[in-house]
Amino acid sequence: MNTCTFIDFMQTLRPWLNDDYIHTARFDDKGNFTLMFVDGGQKVYQVDDCTEAQLKDAVELLKKNGVSVLK
């Protein structure tokens, strides 16, 4: 699991969204994001400083870019 700030997580996320590389995302209320990629790989991130509003923003960004988001 990678621990990062919300800003770092969003910067990491954006290039993958542009390439349609993320197949599915899973998250919980503690800021844990699991990203599952189209090639079968996955990465888990613990975002240690996100608010509930930021969590919702990240989920909306994923959905807007065609990523299925599970909770």
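Residues numbered from 1 in each chain as written. Predicted model: local features only at pLDDT ≥ 70, side-chain atom pairs only at ≥ 80, totals over all residues. Heavy atoms only, no water.

Structural notes on the packing of aromatic side chains
Two descriptors summarise a pair of aromatic rings, namely the distance from one centre to the other and the angle between the planes of the rings. Counted according to the given criterion, the structure contains 6 aromatic pairs. Taking 4.9 Å as the distance between ring centres and 75° as the angle between the ring planes, the aromatic pair formed by W16 and F37 counts as edge-to-face. With W16 in helix α1 (residues 6-18) and F37 in strand β3 (residues 32-37), this pair connects stretches of sequence that are 21 residues apart. With relative accessibility at 7%, the residue F37 sits in the buried group. Ring pairs connect the aromatic residues F9, F27, F33 and Y45, which therefore count as one cluster. (Phe/Tyr/Trp six-rings, centres within 6.5 Å; stacked < 30°, edge-to-face > 60°. Helix = DSSP H or I, 4+ residues; strand = E, 2+ residues; numbered from the N terminus. Buried < 20%, exposed > 50% of the residue type's maximum accessible area, 1.4 Å probe, protein only.)

Digging into the sheet that holds strand β2 (residues 22-27)
Taken in spatial order, the 5 strands of this open sheet run β1-β4-β3-β2-β5, and their pairing is mixed. Where the open sheet ends on each side, the last strands, each with one partner, are β1 (2-4) and β5 (68-70). Along the sheet, successive strands turn relative to each other by an average axial angle of 25°, direction set aside. Relative to β3, β2 runs antiparallel, the two sharing 5 bridges. Counted as the bridge partner of R26 is T34 from β3. Contacts from helix α2 (residues 52-64) reach β2, β3 and β5 within the one sheet, and its direction differs from that of β2 by about 160°. (Pairing = 2+ DSSP bridges. Axes fitted to C-alpha atoms, helices over the stretch in contact; angles between N-to-C directions. Contact = heavy atoms within 4.5 Å.)

Overview of the pairing of strand β4 (residues 42-47)
Pairing between β1 and β4: 3 bridges, direction parallel. Within β4, the residue paired with N2 across the bridge is Y45. Bridging between β3 and β4 involves 5 bridges; their strand directions are antiparallel. Note that in β4 the partner of L35 across the bridge is K43. The turn linking β3 back onto β4 is made up of 4 residues, and G40 within it adopts a positive phi angle of 95°.

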